[in-house]
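# Topology and contacts: notes
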Amino acid sequence: MPAEIMIRILGPLEIEVAGARLDATPSERLLLARLALAGGQVVSVAQLVDAVWPHRPPSTARNRIQVLVSGLRRKLAAAGGPDQAIITRAPGYLLPAEAVRLDQHEYERLVEQARVEWTAGRPAAAAATYAAALALWRGPAFDGVDSPFVATASVRLAESRLAVTEDVFEARLAAGTDPDLVADLTAAIEAYPLRERLRGQLMRALHAQDRQGDALAVYRDFHALVRDELGLEPGSELTRLHQEILAVPALPPVLAAAPNQLPADTADFVGRQAELDRLRDVLARAATAASGGCPAIVSIVGPGGSGKTALAVRLAWRVRALYPDGCLVADLDGADPHALLGAFLRALGLAGAAVPADPQERLGQYRSLLADRKVLLVLDNVATAAQLAPLIPAGGGCAVLAVGRRRLTWLPEAVACPLGPLPVGEALGLLSRLAGAARLDTERDDARRLIQMCSGLPLAIRVVGARLAARPDLPVAHLADRLADEQHRLDELEVGDVQVRACLAVSFQRLPVEAQRALRLIALLPGPQLPGSLLGAVLGVPDDVADRAVARLLDEHLLEVVGPHRYRLHDLVRLFAAERAEAEEPGEQRAAAVRRAYRMLLALARAANERMPARRYPCPVPAADPQPTVIPADPTGWLDAERGTLLAFVTAARRLGVPGLAWPLAATLVNICELRANPDDWQRALDQADVALGDAPDPAGSAALALARSILLRGAGHHEQAAPYASRAGRYYRRAGAWPAAVAAAVELAINARIRGRYRLARAALCWALARSAEHDTGVQEGYAYLALGNLCLSEDPPDLTAAQRALSRAQQVFSRLDERSGLANAIIAAGRAHAMAGAHAAAVRSYLAATPVYADLGDPAGRAFADAMLADAYLRDGDPRRALQVVDRIVDSLAELGHGYWEAVARVVRGQALAGLGDPLAADVLRQAACRYERLGHPARAGEVLFDLARRQAADGRGDEARRCARDAARLFREARSPQAAAVDAWLSS
């Protein structure tokens with residue numbers, strides 16, 4: 001079993017595997033720490049670059065991140081850690097939360113345990129546990145790390161450390177008989193001279209030892225310090241303590257009652273630790289505030305079933321001691337604020353007759369009583385300002401915990417705490433507490449499925465936990481399978497009188513009619529996220545009307561913001577709203593809403609394709625109707641963001657009754673998938689669109705998908721399979737007179753033929769393509785035809801370098817004029833190859849270096865690796881194998897990860913030749929592996945060239961038998977490719 005990775009951040013950054021420190025570079029430690037702090041979420045390559053090189057990242061930063069990841073994987077595996085601890089996941093990498101342990105988590109666990117012990121009235125145990133937590137610190141968090149990503153975390157951890165330091169002194173004071181307490185407090189005050197709480201604790205410790213004069217001196221020293229340095233007076237809490245020690249009454253008379261109306265804490269409460277800590281700090285600061293200030297208001301908001309009330313009760317119990325004048329609780333759902341004021345006054349000790357009947361007098365009495373008190377109010381189901389405003393105390397020492405489903409947008413001073421789904425780890429912890437940890441340990445994967453289908457909603461998890469607890473014989477997998485049926489999932493999520501559906505209905509019924517309709521129709525759309533640009537279309541209303549409806553859904557937490565003008569429906573909300581749509585929206589209106597959304601998405605995607613700087617695939621999609629009112633300003637970024645949405649819409653087209661729109665949407669994905677080296681999404685889109693075409697046959701759709709599949713198959717090395725698709729697409733587009741698409745199909749056929757060594761066929765196809773481009777405006781396809789011609793001239797035997805340079809120059813002119821930067825970079829690379837073949841290696845290097853920033857600007861990882869591979873080859877040809885090896889070593893792994901087998905083989909050839917130039921005996925094995933890779937990818941001629949070169953090297957080294965075996969394999973491959981090189985190898989063997 002792989003050893004656990006331990007990352008220590010509470011001090012200098014250290015990494016351990018199996019108890020031994022990992023020999024990692026500072027950059028590797030930073031990268032691993034950044035991944036660990038993401039808590040199992042994907043961290044983009046750009047974020048990793050910012051973490052490792054925060055000030056001036058090198059130009060090759062993205063490639064160096066890949067090298068760092070590869071190096072870390074090897075080191076972790078060698079140290080006994082997981083082989084694939086770091087997982088590649090677009091747009092970057094992730095470190096699974098279960099694969100790593102942070103000392104921060106152990107520290108936070110101990111702090112939470114200490115607080116539970118303190119709340120339970122066990123101060124000695126709390127003090128010991130607090131001390132154990134503080135013992136984990138070895139210095140300032142991230143000591144010596146200069147990176148912005150740790151700045152916020154470092155400040156937060158430092159504040160937590162100081163707060164826990166004060167908490168441990170509080171526990172030691174309560175425990176009593178601690179001879180070292182005064183000395184330890186004195187040392188802490190030397191380190192933090194302006195912390196009032198530490199001063200007060202020292203005054204109390206001295207007073208407890210009958211050292212009243214020393215206690216008063218502590219106050220005088222602090223008073224002089226803050227007056228002279230800050231021009232301030234000590235806070236009210238310290239002043240009151242000073243007066244108490246002087247035996248001068250400083251507090252107003254104690255109320256006749258100090259009520260505690262808090263309900264019992266939830267015994268199986270799990271998670272929300274970050275929220276608890278943050279809100280505890282807010283309420284702790286409020287408890288020490290001057291009475292004349294404003295009360296603290298904390299707004300805990302979230303959808304129904306998210307655990308808002310449970311969190312509020314847990315928080316209230318944790319801070320109860322800070323509000324000695326009482327804790328008042330009320331449910332505002334349907335309550336009369338006037339009646340609640342009366343109930344609060346009676347709870348605070350006023351006799352019934354003393355409670356004013358007049359609303360204004362009652363309000364004034366309530367505010368007067370709380371003006372100088374420390375009272376905590378917990379108010380549940382807050383929905384409107386009219387409900388809450390009369391209950392807010394006037395005293396700055398009071399605090400309000402307002403719990404509800406709606407955001408308090410009308411109360412900007414409130415500290416908002418929105419609750420989303422529970423993280424997977426916390427959700428599993430809750431389910432384990434309810435159903436039994438041992439049971440879930442044996443069915444961990446099925447438990448995760450349950451959590452996923454509950455969408456992390458605490459109420460839903462409690463329902464399935466209760467059902468599992470009631471049926472110890474019921475396999476977790478059985479319940480997970482039942483919940484997998486979306487049509488009946490809400491039926492399964494009920495136990496007794498607790499129903500998730502009923503909980504969601506409460507929020508739904510509070511919506512105005514237009515917002516209810518918006519939720520119903522939005523739920524019809526597929527995809528994990530919803531771009532705001534589709535809202536007006538799906539609702540069939542102007543955008544400003546749609547925005548108002550969306551604002552109400554956001555207020556009720558039925559819709560979630562996930563990015564600028566991007567939204568997401570909680571899965572259970574989507575199922576509930578889809579049920580309501582089925583029941584309340586006529587079928588034709590549902591179908592019309594879906595058609596409007598599909599057409600608007602297609603219009604936006606088509607517009608983005610027309611403007612993106614990588615348009616090799618002509619995207620032969622009919623003109624959109626309606627035209628979008630707003631065109632994506634960053635077309636490539638828009639397609640990146642909407643790739644998941646487009647794929648989801650393609651997949652759902654048949655189910656939603658719009659099969660004819662599947663293929664145009666699939667076509668809009670081709671260019672972005674090729675640019676981002678994402679063949680999996682590309683393949684899925686084409687497969688789903690092909691299935692939809694069975695329901696809605698369309699020759700134009702078949703041709704568009706055939707051309708797209710030809711490009712996909714060729715890129716994967718399946719050249720024989722790709723050629724018929726290009727031919728089929730070409731025939732259709734020639735008959736239809738769709739000349740850009742027809743030229744694109746001809747160019748694709750020519751590239752395929754060149755790779756297979758069929759140069760005459762390739763040249764004929766390109767001559768036809770260029771002739772059509774001279775007759776018709778084919779846009780960037782003319783540039784791609786010239787680019788393909790240049791590459792063909794370089795591939796023929798012998799190469800025609802002059803013709804190649806001429807064709808590539810024309811390609812660059814077309815691409816520059818039309819802002820086709822992807823094609824321009826490819827043409828610059830091809831020109832570099834021409835320079836290299838002419839022996840002008842310095843010019844080749846300049847070309848490759850010129851292409852690199854273009855690929856970087858495009859965000860094309862495969863293009864950058866491709867440019868680096870050619871750069872390494874140029875260094876090698878220029879007689880610098882060591883430099884070539886440095887370049888190629890950083891890209892081989894990244895090319896393999898990207899799935900670019902051809903360029904991985906190119907890089908391996910360069911690596912093998914560089915090793916040979918350095919006299920390394922591994923060279924032969926590396927070159928044989930590269931030849932095998934070429935052969936598997938369908939490039940027998942390239943494999944033959946590698947093996948024939950190796951045979952000549954072996955012959956020169958006196959290894960005749962090995963050389964003959966290599967040469968015979970090369971001849972076989974050349975004959976398979978129908979290459980005239982076969983005769984040259986035969987002649988070499990006979991000599």
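The rules we used
Here the residue numbering is sequential within each chain, running from 1 through the sequence in written order. Under the rules for a predicted model, residues below a pLDDT of 70 receive no local features and side-chain atom pairs below 80 are neither given nor counted, while totals for whole chains, interfaces and linings still include all residues. In computing side-chain values, all of the structure's heavy atoms are included and hydrogens and water are not. Put simply, a salt bridge is a Lys or Arg side-chain nitrogen that is within 4 Å of an Asp or Glu carboxyl oxygen. A run of DSSP states H or I qualifies as a helix once it reaches four residues; a run of E qualifies as a strand once it reaches two. Both are numbered from the N-terminal end. Residue exposure (1.4 Å probe, protein chains only): buried if accessible area is under 20% of the type maximum, exposed if over 50%, otherwise partly exposed. Cysteine sulfur atoms are paired as a disulfide whenever they come within 2.5 Å of each other. For two strands to be treated as a pair, DSSP must find at least two bridges joining them. Only heavy atoms enter the contact rule, under which two residues are in contact if any of them lie within 4.5 Å. Angular values range over 0 to 180 degrees, each being the angle between N-to-C directions of two axes fitted as lines to C-alpha atoms, with helices fitted over their stretch in contact. Aromatic pairing here means that ring centres of Phe, Tyr or Trp (its six-membered ring) are within 6.5 Å. Orientation follows from the plane angle: under 30 degrees is stacked, over 60 is edge-to-face, and everything else is tilted. Between 65 and 115 degrees an angle is taken as roughly perpendicular, under 35 as roughly parallel, over 145 as roughly antiparallel, and anywhere else as oblique. As a working rule, the residues Ala, Val, Leu, Ile, Met, Phe, Trp, Tyr, Cys and Pro are called nonpolar, Asp, Glu, Lys and Arg charged, and the rest polar, with Gly in that last group. Put simply, the grid is 1 Å and covers the protein atoms alone, a cavity is a trapped set of points that fit a 1.4 Å probe, a pocket is an open set with protein on both sides within 12 Å along at least five of seven lines, and lining residues have an atom within 4 Å of a point. Grid points are joined across faces, edges and corners, and a volume is the space filled by probe spheres set on the points. What we call a nonpolar core is a set of buried Ala, Val, Leu, Ile, Met, Phe, Trp, Tyr and Cys residues that are connected through their side-chain atoms within 4.5 Å. Here, expected helix span is obtained from the residue count minus one, scaled by 1.5 Å.

### What to know about the pattern of salt bridges
Any two side chains of opposite charge can pair, given that their charged atoms come close. Throughout the structure, instances matching the rule amount to 72 salt bridges. Residue Arg606 pairs with Glu610 through a salt bridge whose shortest N-O separation is 2.7 Å. One end of the pair, Arg606, and the other, Glu610, are both in helix α27 (residues 587-611), 4 residues apart, so they sit about a helical turn from each other. The class for Glu610 is partly exposed, based on a relative accessible area of 42%. The partner of Glu962 in a salt bridge is Arg959, with the nearest N and O atoms 3.6 Å apart. Arg959 gets classed as partly exposed once you look at its relative accessible area, which sits at 32%. Three or more residues are tied together by salt bridges with common partners; here these are Glu112, Arg115, Glu166, Asp167, Glu170, Arg195, Arg197, Arg204, Asp277, Arg280, Arg314 and Arg318.

### Considerations on the state of the cysteines
Scanning the model with the defined rule gives 0 disulfides in all. Not engaged in a disulfide, the cysteine Cys619 finds its nearest cysteine sulfur in Cys673; these two sulfurs lie 12 Å apart. Take Cys673: its relative accessible area is 1%, and that puts it in the buried class.

### Brief notes about the sheet that holds strand β2 (residues 14-17)
Within the open sheet, the 4 strands sit side by side as β3-β2-β1-β7. Their pairing is mixed. The open sheet has two free edges, formed respectively by β3 (20-21) and β7 (100-102), since each of these has just one partner strand. For strand β1 (residues 5-8) and β7, the ladder comprises 3 bridges, and the chain directions are parallel. The residue of β7 that forms the bridge with Ile7 is Leu102. Contacting β1 and β7, helix α4 (residues 103-119) crosses the sheet at an angle of about 55° to β7.

### Re the packing of aromatic side chains
Throughout the structure, instances matching the rule amount to 9 aromatic pairs. With a centroid separation of 5.3 Å and 75° between ring planes, the pair formed by Tyr732 and Tyr733 is classed as edge-to-face. Between Trp739 and Trp768, the ring centres sit 6.3 Å apart and the planes meet at 50°, which makes this aromatic pair tilted. With Trp739 in helix α34 (residues 739-755) and Trp768 in helix α35 (residues 759-775), this residue pair connects regions lying 29 residues apart in the sequence. With relative accessibility at 21%, the residue Trp739 sits in the partly exposed group.

### As for the sheet that holds strand β6 (residues 92-94)
What the 3 strands build is an open sheet, ordered β4-β6-β5; its pairing is antiparallel. The open sheet has two free edges, formed respectively by β4 (43-44) and β5 (87-89), since each of these has just one partner strand. Note that β4 and β6 share 2 bridges and pair antiparallel. In the strand pairing of β6, Val43 is matched with Tyr93. Packed onto the sheet, helix α3 (residues 61-78) meets β5 and β6 and runs at close to 25° relative to β6.

### Focus on the packing of helix α23 (residues 513-522) against helix α25 (residues 543-555)
Following both chains from N to C, one finds α23 and α25 inclined at 85°, their axes separated by 9 Å at the closest point. The orientation of α23 relative to α25 falls into the category roughly perpendicular. Between α23, through Glu514, Ala515, Ala518, Leu519 and Ile522, and α25, the contact on the second element is made entirely by Ala549, Arg552 and Leu553. For the contact of α23 with α25, a count of residues per class yields 6 nonpolar, no polar and 2 charged.

### Some thoughts on the pairing of strand β11 (residues 399-404)
Among the 6 residues in β11, 6 count as buried, and that is most of the element. Going residue by residue along β11, you find Ala399, Leu401 and Val403 tucked away on one face and Val400, Ala402 and Gly404 tucked away on the opposite face as well. When strand β8 (residues 296-301) meets β11, the two strands line up parallel, connected through 6 bridges. Bridge assignment links Ile300 to a residue of β11, and that residue is Val403. Of the strand pairs in this sheet, strand β10 (residues 376-380) and β11 are connected by 4 bridges, and their pairing is parallel. Across the sheet, Leu379 pairs through a bridge with Ala402, a residue of β11.

### A few points about empty space enclosed by the protein
Taken as a whole and judged by the stated rule, the model has 1 cavity of 30 Å³ or more. For the largest cavity, the calculated volume is near 100 Å³. Phe269, Val270, Arg272, Ser306, Gly307, Ala310, Leu311, Leu422, Leu430, Pro458 and Arg462 together form the lining of the largest cavity. Its residues assigned to classes, the lining of the largest cavity shows 7 nonpolar, 2 polar and 2 charged.

### Here's the deal with unusual backbone geometry
Here the amide bond leading from Asp797 into Pro798 is cis, since omega sits at 0°, within 30 degrees of zero. Tracing the backbone shows Pro798 in the loop between α36 (780-795) and α37 (801-817).

### Quick look at the nonpolar core
One finds Leu431, Leu450, Val500, Leu553, Leu572, Tyr598 and Tyr617 to be the most contacted residues of the largest nonpolar core, which totals 206 residues. At 11 residues, the largest contribution of residues to this core is made by α34. Sequence-distant contacts of Tyr598, defined by excluding residues within four places in its chain, comprise Pro526, Phe649, Ala652, Ala653, Leu656, Val658, Leu661 and Leu665. Residues Ala24, Ala36, Leu68 and Phe142 belong to the second largest nonpolar core, which totals 56 residues.

### Quick notes on helix α38 (residues 821-837)
Along an α-helix, residues three or four apart share an orientation, since each turn contains 3.6 residues. With 17 residues, α38 should reach 24 Å at 1.5 Å per residue; the first-to-last C-alpha distance of 24 Å fits that figure. With 12 of 17 residues buried, α38 lies mostly within the body of the structure. On its buried face, α38 sits against α36, α37, α39 (841-858) and α40 (861-877).

### What about the environment of Gly715?
By the secondary structure assignment, Gly715 is in helix α32 (residues 699-715). Relative accessible area serves as the criterion here: at 53%, Gly715 is assigned to the exposed category. Sequence-wise, Gly715 and Asp544 are 171 residues apart; in three dimensions their C-alpha atoms are separated by 45 Å.

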